[in-house]
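What follows is each chain in one-letter form.
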Amino acid sequence: MVTNPLLNEVTIIVVTFQSAHCLDALSPLLSFCPHVVFFDNGSEDGCADLAQNIFPHANVIKHVKNIGFGAANNRALEKVTTPWALLLNPDCEMSLQALQDLMVVTQSDDPPAIIAPQLINSFGKLDVNYRWPSNLWSSIGPEAQGPTCVGFVCGAVLLMDLVRLKRINFFDERFFLYYEDDDLCLRLFQEKSPIVIYPAIKVIHKSRGSVKGNFSWHYEYIRGYHHVQSKLTYMQKHGDASALKNVRLKLIAMTTLTLLLRIIFFTPNMMSRTWGRFRGLIEWKL
């Protein structure tokens, strides 16, 4: 049942991968949202079927393999017919009131291209989920006290104006995982489309909690591999291309040293993540 007519103006998009354990916590919000799209990235934990069971009104897209976070969101955005879309990580717990508060902002005469809440962790501590573009300025100083125009907001929760986001073609699918939100926000920033953080609206983000399985070391390898691949791709696209070769060589040297330390002080997850970074650096192509 729709409790607020503004909810008819937004589609909630949730990209899942091994995220069945997160679905119950999404129910207090999604049960009241008439437009919901799940895109499942090849989960093997029954996530897609469970999502359809818990949220029968949702459009659940079940993909056979993991195509990446940005690409999955792009496929889901193709299904959206509302003027606004809320990208919501499965490890986020958002109240209905928080969504309604964000949607009120969309009713202004000239709403931002992206509207974002303040993320907090499970203990209520503020997360640093916004800043200026990292390749332009260093962000310093106290946290925002009111609505603030910024250059970057974390992609865990984004309320997006689809007219303006279509102009920049949404996510660049060269970023499989990580930096896709950096790239998206920088492109909006460059075309002077505002991105605004609303610190009074808070959403719990259980960072790195969306993926769960029997082989956590494997997922750490994937994170390490794609983090460094995306970092280099972002630098190539937006940074000093002439310095990129030297940066990559320095990262290889540092990661090699870290690998040696991981062997001495061995833990499976950290070793796997560092090995993934090393492989990502070696296999990255200019």
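Residues numbered from 1 in each chain as written. Predicted model: local features only at pLDDT ≥ 70, side-chain atom pairs only at ≥ 80, totals over all residues. Heavy atoms only, no water.

Enquirer: Provide a residue-level description of the overall build of the chain, including the pertinent values.
Expert: Tallying secondary structure elements over the chain gives nine helices and 11 strands in all. The C-alpha radius of gyration of the chain comes to 19 Å, within 12% of the 19 Å expected for a compact globule of 286 residues. Dimensions along the principal axes, computed over C-alpha positions, put the chain at roughly 55 × 40 × 35 Å. Expressed as a percentage of its 286 residues, the buried residues of the chain come to 51%. Relative to all contacts within the chain whose residues are 6 or more apart in sequence, the contacts with residues 24 or more apart total 75%. Surface summary for the chain: the accessible area is close to 14,100 Å², and the carbon and sulfur share equals 57%. Of the side-chain charges in the chain, 27 are positive and 25 negative, and the distance between the mean point of each set is 9 Å. (Helix = DSSP H or I, 4+ residues; strand = E, 2+ residues; numbered from the N terminus. Rg over C-alpha atoms; globule rule 2.2 N^0.38 Å. Buried < 20%, exposed > 50% of the residue type's maximum accessible area, 1.4 Å probe, protein only. Contact = heavy atoms within 4.5 Å. Areas by Shrake-Rupley, 256 points an atom, 1.4 Å probe, with all protein chains shown as cover. Lys, Arg positive; Asp, Glu negative; His and termini not counted. Charge placed at Lys NZ, Arg CZ, Asp CG, Glu CD.)

Enquirer: So, the layout of surface pockets: which residues are in play, and what are the values?
Expert: Of the volumes computed, that of the largest pocket is approximately 1,200 Å³. Lining the largest pocket are 44 residues; nearest its centre among them are Asn-89, Leu-177, Tyr-178, Ser-210 and Arg-223. When contributions to the lining of the largest pocket are tallied by element, the ones reaching two or more residues are strand 1 (10-16), helix 6 (180-190) and helix 7 (216-238). Among the elements that take part in the lining of the largest pocket, helix 7 stands out by supplying six residues, more than any other. Space inside the second largest pocket adds up to approximately 330 Å³. When residues in the lining of the second largest pocket are grouped by element, the largest group, three residues, is from strand 8 (residues 148-150). (1 Å grid on protein atoms, 1.4 Å probe; cavity = no way out; pocket = protein on both sides within 12 Å on 5 of 7 lines; lining within 4 Å. Points joined across faces, edges and corners; volume = space filled by probe spheres on them.)

Enquirer: If you had to explain the side chain of Asp-161 to someone new, which residues and values would you point to?
Expert: The topology assignment puts Asp-161 in strand 10 (residues 157-161). Side-chain polar atoms of Asp-161 contact the backbone nitrogen of Val-163, separated by 3.1 Å. At 3.2 Å, the side chain of Asp-161 and the side chain of Arg-164 are in polar contact. (Polar contact = N/O pair within 3.5 Å; in protein donor to acceptor, adjacent residues only side chain to side chain.)

Enquirer: For unusual backbone geometry, give the residues involved together with the corresponding values.
Expert: A positive phi angle, near 55°, is found at Gln-18, a position not held by glycine. Position of Gln-18 relative to the elements: it lies in the loop between strand 1 and helix 1 (23-30). Judged by its relative accessible area of 7%, Gln-18 is buried. Unlike most non-glycine residues, Lys-192 shows phi in positive territory, near 65°. Mapped onto the elements of the fold, Lys-192 is located in the loop between helix 6 and strand 11 (195-205). A relative accessible area of 73% means that Lys-192 is categorised as exposed.

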